[in-house]
Amino acid sequence: MRNILKGIKKRTNNLFIHIALIAICLFCILPIIGIGIISLKDLADIRRIPPVLFPCDTPTESFNISACRWSWEGYRLVFGLKSNPDSLLGFSLTGNIVSIYIYNTVLYATSTSLVVVFLAAASGYAFSRFRFRGHRALLTGILAITGVPFLTNLVGLYQMGITLRKLPFPIDDRIFLVLVYMGLFLPLSVWIAKGFFDAIPRDLEDAALIDGCSQFGALIRIIMPLALPGLIAIFLLTFVNVWNEFMAGYLLVAKNEYKPVMFGLYDFMGQNYMNIQVVAAACMVIAIPVVLMFLFFRNRFFSAMVEGSIKG
Amino acid sequence: MEQSLRRLQTQKLLQRMQARKLFQNSLPFWLILPTVLVILIVQVYPTIYTAWLSLQQRQPAGWIFVGLENFERLFRNSLFTESIGHTIVFLVSYVILTLVLGFFTAYLLSRKIRFVGLYLSLIFIPWVISTIISGLVFRLLVVPDYGILAGILENPSLFPPDGISVLTDAPPARLFGSFPFPPSFGMVLLIIVSIWRALPFTALLILASIQMVSQEVVESSRIDGANGWQIIRLIIIPIILPTLVVTIFNLILSGMNGVATIISLTSGGPGTSTQIVSYLLYSLGWGQIQFSQAAALGLIIAAINWLLILGTLRITKVEKG
């Protein structure tokens with residue numbers, strides 16, 4: 001009897017936990033679903049007063065699923081779909097966001113993440129396997145650097161950028177931007193990498209050395225394959241961070257056609273101020289790739305974030 | 001003959017070992033060097049450069065040294081004192097609410113229930129949305145007249161007397177002299193957006209550390225008669241305190257840095273009611289082209305940031321590392 005009571009109590013307890021968690025989930029995803037709905041309405045339905053959530057009402061009914069007036073207008077404007085008989089698929093995408101800015105951002109994010117992974121792996125390995133003078137101080141210093149807000153540095157970086165453009169051999173803004181991104185995301189990545197290397201037992205390496213492998217060979221053949229999941233996590237984390245970064249890309253690049261996608265969105269917002277379905281569609285187009293990437297690799301993201309923040 | 005050959009061999013071997021030793025001793029240096037260089041160029045040098053700029057002023061001929069005049073001007077600027085007030089309102093409510101909600105979420109997720117992975121994935125989606133998009137998302141929801149939520153909020157029968165228009169309503173009358181409290185609806189929305197975006201990361205960090213709390217300790221205290229609240233207050237929170245401190249650092253830093261959200265959400269308005277110090281820096285530097293003052297403000301923000309971090313360390317008495 002007591003057991004049955006306990007069971008019932010536990011079940012009601014769990015029910016409350018589920019209800020609370022579902023409420024939190026709704027708080028997290030409803031705004032995005034709301035934007036998804038806005039992006040599919042046409043202007044007449046958006047400008048209705050009072051506003052309606054779904055454009056599905058008829059003069060007689062308040063909700064009728066067969067009468068929904070969904071519209072792809074917003075997405076058509078974002079992609080700038082134009083028929084072009086010369087291109088491979090018979091059409092081409094002329095919207096600035098797709099044809100210029102997403103391309104720029106993919107370029108920046110990929111190159112930054114690759115270099116960050118490489119540098120973080122090298123220094124993370126060194127911090128994990130060697131004890132040298134200033135080891136602790138350097139490691140703490142790298143973390144402490146992140147305590148200075150990026151905005152403070154941005155003032156100096158902006159003036160540095162102006163100086164760089166005036167040099168006799170001007171440095172391309174794009175290279176400067178990638179360098180800034182690297183510096184911005186390296187400290188955390190070094191800590192994540194160190195954590196992943198710490199988790200690989202030293203004995204494996206020693207065994208390889210005894211069997212006649214060189215130090216470098218052991219690094220390449222034994223350690224790197226084991227650390228690969230961690231390095232992929234660093235790559236993904238940096239990629240998403242660069243994709244989402246706004247201030248540096250907006251302020252440090254002079255030419256608009258070299259700016260990343262978050263500036264593209266900001267610019268687009270200014271142009272389509274009154275057409276909120278177009279802005280909503282642009283948000284969806286830019287956010288969906290990283291959301292999908294996150295959902296696909298979520299465990300890698302989680303491990304990197306926990307590694308970088310708690311153990312650091 | 002044979003002996004000298006052997007000696008030569010040993011010598012060679014010794015040399016090789018020495019070379020290897022030298023290589024091994026300098027290896028960490030070479031591995032770390034590029035990272036340190038990048039960080040010096042992109043993080044350390046700009047800070048020093050900003051500090052230098054804060055003592056200069058732009059003249060047609062170039063930069064000239066003016067001492068602390070930029071700081072003086074900043075302190076005389078009424079917007080600066082006001083933005084400090086907004087920052088306090090913003091940071092205090094944002095950090096505390098995110099921490100409480102994050103702990104609550106993490107605690108629920110740490111119970112042995114089904115669908116934890118699904119919940120965590122859904123809760124985490126706001127983290128992947130960039131600051132500028134998250135500002136935009138909430139802006140579009142409350143845009144006057146057309147936003148989905150604006151229809152409810154502007155209804156005078158639900159919110160007397162005239163309904164709420166989040167992006168345009170003037171801030172309410174201040175209760176404490178010139179301190180901006182109670183906040184405007186724009187500020188409330190900014191706090192909600194910031195919580196929305198920071199909640200996932202906070203909950204994940206706290207969840208990870210709650211899962212490290214040994215189950216035996218919790219069980220044995222339950223047998224000793226501790227109730228749920230006592231377990232949380234006396235066992236879980238003390239054990240995960242270091243993580244909470246790290247989380248607070250992260251929240252303070254992201255709150256101080258979150259200009260993009262304000263730019264896309266309210267652009268500092270209504271009035272100046274969402275201009276926290278970082279937005280003021282942005283508008284001083286890139287709106288009014290007053291880089292020296294922006295640099296001075298940047299240094300002040302960095303100093304405040306460090307004070308907050310040291311203060312948190314002091315209060316919670318947690319040693320870092």
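What counts as what
Residues numbered from 1 in each chain as written. Chains lettered and ligands numbered in written order. Predicted model: local features only at pLDDT ≥ 70, side-chain atom pairs only at ≥ 80, totals over all residues. Helix = DSSP H or I, 4+ residues; strand = E, 2+ residues; numbered from the N terminus. Rg over C-alpha atoms; globule rule 2.2 N^0.38 Å. Buried ≥ 20, exposed ≤ 12 C-beta atoms within 10 Å, placed from the backbone. Contact = placed C-beta atoms within 7 Å. Domains from an automatic or database assignment. Nonpolar A, V, L, I, M, F, W, Y, C, P; charged D, E, K, R; others polar. pLDDT = per-residue confidence, 0-100. Core = buried A, V, L, I, M, F, W, Y, C linked by C-beta atoms within 7 Å. Pairing = 2+ DSSP bridges. Axes fitted to C-alpha atoms, helices over the stretch in contact; angles between N-to-C directions. Parallel < 35°, antiparallel > 145°, perpendicular 65-115°, else oblique. Left-handed = near helix turned anticlockwise from the far one by under 90°.

Participant: What exactly am I supposed to notice about the overall build of chain A here?
Facilitator: Across its full length, chain A holds 13 helices and 2 strands. Radius of gyration (C-alpha) of chain A: 26 Å, far over the 20 Å computed for a compact globule of 312 residues. Burial status across chain A gives 41% buried among its 312 residues.

Participant: Teacher, can you tell me more about the overall build of chain B here?
Facilitator: Looking only at helices and strands, one finds 12 helices and 2 strands in chain B. For chain B, the sequential pattern of α-helices and β-strands runs α-β-β-α-α-α-α-α-α-α-α-α-α-α. Against the globule reference of 20 Å for 321 residues, chain B gives a C-alpha radius of gyration of 27 Å, more extended than a compact globule. Dimensions of chain B along its principal axes, counting C-alpha atoms only, are 110 × 75 × 35 Å. A fraction of 69% describes how many contacts in chain B between residues 6 or more apart in sequence connect residues 24 or more apart.

Participant: Would you mind showing me how to read the domain arrangement of chain A here?
Facilitator: When the parts of a complex come together, some accessible area is lost, and that lost area is often taken as the interface size. Residue and element names in this part refer to chain A. Per the domain assignment, the segments making up chain A are domain 1 (2-79) and domain 2 (100-309). Between the C-alpha centres of domain 1 and domain 2 the distance comes to 35 Å. Of the residues lining the interface, 13 residues belong to domain 1; the matching set on domain 2 comes to 10 residues. For the side of domain 1 that touches domain 2, the elements supplying multiple residues, two or more each, are α1 (2-39), α2 (43-46) and α3 (73-79). In terms of residue class, the side of domain 1 that touches domain 2 is made up of 7 nonpolar, 3 polar and 3 charged.

Participant: I tried to follow the interface of chain A and chain B on my own but got confused; where do I start?
Facilitator: Of the residues lining the interface, 76 residues belong to chain A; the matching set on chain B comes to 76 residues. In terms of residue count, the dominant contributor to the side of chain A that touches chain B is α1(A) (14 residues).

Participant: For this particular structure, what's the right way to read the confidence of the model for chain A?
Facilitator: It should be kept in mind that the predicted coordinates are not to be read in detail where pLDDT is low. Of the residues in chain A, 96% reach a pLDDT of 70 or more, and the chain-wide mean stands at 85. Per-element mean pLDDT across chain A ranges from 71 in strand β2 (residues 91-93) of chain A up to 92 in helix α10 (residues 247-252) of chain A.

Participant: Before we go on, may I ask you to explain the domain arrangement of chain B in this structure?
Facilitator: For chain B, the assigned domains are domain 1 (2-53) and domain 2 (71-316). Taking only C-alpha atoms into account, the centre of domain 1 of chain B sits 44 Å from that of domain 2 of chain B.

Participant: What is the right way to read the nonpolar core from this model?
Facilitator: One recurring pattern in soluble globular proteins is that nonpolar side chains are buried together. Judged by nonpolar contacts, the single largest core of 170 residues is most densely connected at A:I234, A:L265, A:A282 and A:C283. When residues in this core are grouped by element, the largest group, 18 residues, is from helix α7 (residues 185-212) of chain B. Those residues in contact with A:A282 that lie beyond four places of it in its chain are A:V78, A:I97, A:L265 and A:F268.

Participant: Help me understand the pairing of strand β1 (residues 56-59) of chain B, please; the structure alone is not making it clear to me.
Facilitator: Every regular strand shows the same layout, with side chains that alternate between the two sheet faces. Residues and elements named next belong to chain B. Here β1 runs beside strand β2 (residues 62-65); their pairing, made up of 4 bridges, is antiparallel. Within β2, the position partnered with Q56 by the bridge is F65. Here β1 folds back onto β2 in antiparallel fashion, the turn holding 2 residues.

Participant: Is there a simple way to think about the packing of helix α2 (residues 69-76) of chain B against helix α12 (residues 291-316) of chain B in this case?
Facilitator: Axes are the key here: two packed helices are described by the angle between their axes and the distance separating the axes. All names here are of chain B. In contact at an axis separation of 9 Å, α2 and α12 are set at 80° when each is read in the N-to-C sense. As far as their axial angle goes, α12 and α2 are roughly perpendicular. Taking contact as the criterion, the partners of N70, F71, R73 and L74 in α2 are, on α12, S292, Q293, A296 and L297. Grouping the constituent residues of the contact of α2 with α12 by class yields 4 nonpolar, 3 polar and 1 charged.

Participant: Just to check I follow, could you spell out the environment of B:T131 for this structure?
Facilitator: Inspection of the secondary structure assignment puts B:T131 in helix α5 (residues 131-142). For B:T131 and B:L99, which are 32 residues apart along the polypeptide, the C-alpha to C-alpha distance reads 19 Å. With residues near it in sequence (within four places) discarded, B:T131 still touches A:N244, A:F246, B:R197, B:G258, B:A260 and B:T261.

Participant: Could you clarify how one ought to interpret unusual backbone geometry in this entry?
Facilitator: Peptide bonds are trans in most cases, and residues, glycine excluded, mostly fall at negative phi. Residues and elements named next belong to chain B. Here S267, not a glycine, exhibits a phi torsion of approximately 50°, which is positive. Here S267 lies in the loop between α10 (259-265) and α11 (277-287). By the C-beta count within 10 Å, which is 16 here, S267 ends up partly exposed. Within the chain, I289 stands out as a residue other than glycine whose phi angle is a positive 50°.

Participant: Explain the packing of helix α9 (residues 215-244) of chain A against helix α12 (residues 276-296) of chain A here, please?
Facilitator: All names here are of chain A. Here α9 crosses α12 at 160°, and the two axes come no closer than 11 Å. Taken as axis vectors, α9 and α12 run roughly antiparallel relative to one another. Helix-helix and strand crossings are classified by hand; for α9 and α12 the assignment is left-handed. Contacts from L236, V240 and W243 in α9 reach V290, M293 and F294 in α12.

Participant: Could you clarify how one ought to interpret the environment of B:I41 in this entry?
Facilitator: Along the chain, the position of B:I41 falls in helix α1 (residues 2-53). Residue classification places B:I41 among the partly exposed residues on the basis of 16 C-beta atoms within 10 Å. Among all residues touching B:I41, those that are not within four sequence positions of it are A:L179 and A:G183.

Participant: I'm lost on the confidence of the model for chain B in this one. Help?
Facilitator: Looking at chain B as a whole, its pLDDT mean stands at 86, while 97% of the residues score no less than 70. For this predicted complex, the interface confidence score (ipTM) comes to 0.88, while the overall pTM stands at 0.89.

Participant: I'm lost on the environment of A:G95 in this one. Help?
Facilitator: Residue and element names in this part refer to chain A. By the element assignment, G95 lies in the loop between β2 and α4 (96-129). Taking the number of C-beta atoms within 10 Å as the measure of exposure, G95 has 21 and is therefore buried. With 18 residues separating them along the chain, G95 and L77 place their C-alpha atoms 7.0 Å apart. Dropping the residues within four chain positions of it, G95 is found in contact with V78, F79 and G80.

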